[in-house]
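Here's the letter readout for the chains.
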Amino acid sequence: MSFESFGQEQSSCVHPQYLTMLRHLHTTALENFRAHLDQSLNRGEGFATSVRSCTKSCMLEFDQGCAGNVIFLN
């Protein structure tokens, strides 16, 4: 069932809250990426390896955050 099929009242309440949650997860992931990248580079790891490792780690955290914030509507 698509989001558009829900009533206007439900979508006007849930949609903004879900977007706020996504913005929070996005901001947290970006901040963690920057911090982990700096730490990795300061340890002397290569740039490409550091970016790949940090991307993988932060995307996993983002995915887990999204999975823990599923919205069910009856």
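Here, every reference points to the structure presented above.
In this report, the structure presented in the accompanying data block is examined.

Cut-offs used in this document
- Residues numbered from 1 in each chain as written.
- Predicted model: local features only at pLDDT ≥ 70, side-chain atom pairs only at ≥ 80, totals over all residues.
- Heavy atoms only, no water.
- Helix = DSSP H or I, 4+ residues; strand = E, 2+ residues; numbered from the N terminus.
- Buried < 20%, exposed > 50% of the residue type's maximum accessible area, 1.4 Å probe, protein only.
- Contact = heavy atoms within 4.5 Å.
- Areas by Shrake-Rupley, 256 points an atom, 1.4 Å probe, with all protein chains shown as cover.
- Salt bridge = Lys/Arg side-chain N within 4 Å of Asp/Glu carboxyl O.
- Polar contact = N/O pair within 3.5 Å; in protein donor to acceptor, adjacent residues only side chain to side chain.
- Expected span 1.5 Å × (residues − 1).
- Arc of directions from axis to C-beta.

Take the overall build of the protein chain next. Each helix and strand in the protein chain was counted, giving two helices and zero strands. When each of the 74 residues of the protein chain is scored for burial, the buried share is 16%. Taking the contacts inside the protein chain whose residues are at least 6 apart along the sequence as the reference set, 60% of them involve residues at least 24 apart. Total accessible area on the protein chain is roughly 5700 Å²; 58% of this is exposed by carbon and sulfur atoms.

What follows covers the environment of D63. Mapped onto the fold, D63 is located in helix α2 (residues 47-67). Exposure remark for D63: the relative accessible area of 45% places this residue in the partly exposed category. Taking the C-alpha atoms as reference points, D63 and L25, separated by 38 residues in sequence, lie 9.1 Å from one another.

Along the chain, S50 turns up in helix α2. Note on S50: relative accessible area 0%, which makes it buried. Among all residues touching S50, those that are not within four sequence positions of it are L37, S40, L41 and E45.

The next point concerns the pattern of salt bridges. Summed over the entire model, instances satisfying the criterion amount to one salt bridge. Of the charged contacts, one joins R43 and E45 as a salt bridge, the two residues approaching to 3.2 Å between their closest N and O atoms. Judged by its relative accessible area of 32%, E45 is partly exposed.

Further remarks concern the side chain of S40. Looking at the element boundaries, S40 is found in helix α1 (residues 8-42). On the basis of relative accessibility, which here comes to 3%, the residue S40 falls in the buried class. Here the side chain of S40 touches S50 through a polar contact of 2.7 Å, side chain to side chain. Not counting the four nearest positions on each side in its chain, S40 is found in contact with E45 and S50.

End to end, α2 covers 30 Å across 21 residues, agreeing with the expected 30 Å (1.5 Å per residue, within 8%). Of all the positions in α2, only S50, C54, C58, G65 and C66 are classed as buried. All buried residues of α2 project into a common sector of 120° when viewed along the axis, lining one side. Pointing more than 90 degrees away from the buried face of α2 are the exposed residues R52, K56, Q64 and A67.

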